[in-house]
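# A look at the structure
Residue strings, one per chain:
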Amino acid sequence: MKNLNMKKVSAALALEFWLRSPHASAFTHPDILQKLAYKVDWLGCFKGHELLCIWPVCLNQDCEVVRPAFVYYVGPMWSPESVSGAEHRRLSTDTNVYESFIAYMAAEYGAVRASLPLGLNDVRVFDWWNYHEPGKPRFTIQPRYTAVLEALQSESMESIIRRFREVRRHELRKAQVLDDVVIGFGALVEELVELYEVTLARQGITIGEDEKKQIHRLVEIVGDGFGEVVTVRAHNDGNKLMYAALLLKDRWSAHLLLKLNNLESRGHNFAVLGMCSAIEWAKNQGCQVFDFNGANSPRRGDDKHSYGAKALLYFDISFDSNGCH
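Just so we're clear, the structure is a prediction, and the values are computed from it rather than from any experiment.

### A closer look at the side chain of serine 253
- Here serine 253 lies in strand 10 (residues 253-261).
- Residues in contact with serine 253, not counting those within four places in the same chain, are Leu248, Cys287 and Val289.

Pasting the structure below:
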């Protein structure tokens, strides 16, 4: 493909492109990503005057390419015209455009770090980079899975719940008859950070200040109208927060980024009640998809699939121009 031109573009142009791209998600919305990353460079690949693809690059304070905490699917976004072309030109287009991005990022940043959006599963171009150059660095390509509920608008909540695992349906029925439980929206940042610390402490993990700050940013983004915090509180216990689900939304999906349980909630089935409420919120918002955002450990994967979610594949890719595969 001739006449390809790579250059940085403005966040305003990136937003216009985002509104059209089939690969756009909440994580690549400029108003969201630029709060979750220290800095974002928006790279555009043009053929003449036609913008074919945009790739946001997240940088830290040291200008290193990173994948920020709680962020998924930050990678190439294609224009609808680019992906609707003839199939026999698809690989050639992918090769020319992706190679242009890789060469630019290797020269500008020395690295590529990305999480390909759902639906972009052809990773051959990345695998072929330096394929015939022994000793030169190659891409690391890691298959990852998320769990999703699809077609929310075509089903009633009753139908969606019927797809839950039987034990989840039983827990939900028990929780729905509790008389001191309040389903609500919104929580203090301090409440969420405390629950997050408790949740990870059960796994022997201590969270750092950067993660705490990222939760603050997520709450700010929710306050800007890009999502919600769905809560379950114990009314008879000082309205104590027992469960919280923080979600971001885009044009068609709701993304579950935090699912937090109070230790005292164990045995009361608040988690399944809160999850069901989060799914219902997404449905009421007009979302077609509820994305649990990650199902890559045995315990958490099983939990997310217990709500009837199916597995979808995506890829994390990384490349260091000075490294060796």
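### Digging into the packing of helix 8 (residues 189-201) against helix 9 (residues 209-226)
- With their axes 10 Å apart at the nearest point, helix 8 and helix 9 run at an angle of 135° to one another. By the angle between their directions, the pair helix 8 and helix 9 is classed as oblique. Helix-helix and strand crossings are classified by hand; for helix 8 and helix 9 the assignment is right-handed. Across from Val189, Leu192, Val193, Tyr196 and Glu197 in helix 8, the residues of helix 9 making contact are Glu211, Lys212, Ile215, His216 and Val219.
- Of the residues assigned to the contact of helix 8 with helix 9, the class counts are six nonpolar, one polar and three charged.

### Observations regarding the packing of aromatic side chains
- This structure, assessed with the given rule, holds 15 aromatic pairs.
- Judged by centre distance (4.7 Å) and plane angle (35°), the rings of tyrosine 98 and phenylalanine 126 are tilted. With a gap of 28 residues between them, tyrosine 98 in helix 4 (residues 90-108) and phenylalanine 126 in helix 5 (residues 124-128) connect regions that are remote in the sequence. Each member of the pair tyrosine 98 and phenylalanine 126 is classed as buried.
- Through pairs of rings, three or more aromatic residues link up here, namely Trp55, Trp78, Tyr98, Phe101, Phe126, Phe139 and Phe319.
- Over the aromatic face of tryptophan 78 sits the side chain of arginine 90, whose NZ or CZ is 4.7 Å from the ring centroid.

The rules behind the values
- Residues numbered from 1 in each chain as written.
- Predicted model: local features only at pLDDT ≥ 70, side-chain atom pairs only at ≥ 80, totals over all residues.
- Heavy atoms only, no water.
- Helix = DSSP H or I, 4+ residues; strand = E, 2+ residues; numbered from the N terminus.
- Contact = heavy atoms within 4.5 Å.
- Axes fitted to C-alpha atoms, helices over the stretch in contact; angles between N-to-C directions.
- Parallel < 35°, antiparallel > 145°, perpendicular 65-115°, else oblique.
- Left-handed = near helix turned anticlockwise from the far one by under 90°.
- Nonpolar A, V, L, I, M, F, W, Y, C, P; charged D, E, K, R; others polar.
- Phe/Tyr/Trp six-rings, centres within 6.5 Å; stacked < 30°, edge-to-face > 60°.
- Buried < 20%, exposed > 50% of the residue type's maximum accessible area, 1.4 Å probe, protein only.
- Lys NZ or Arg CZ within 6 Å of the ring centre and 35° of its normal.

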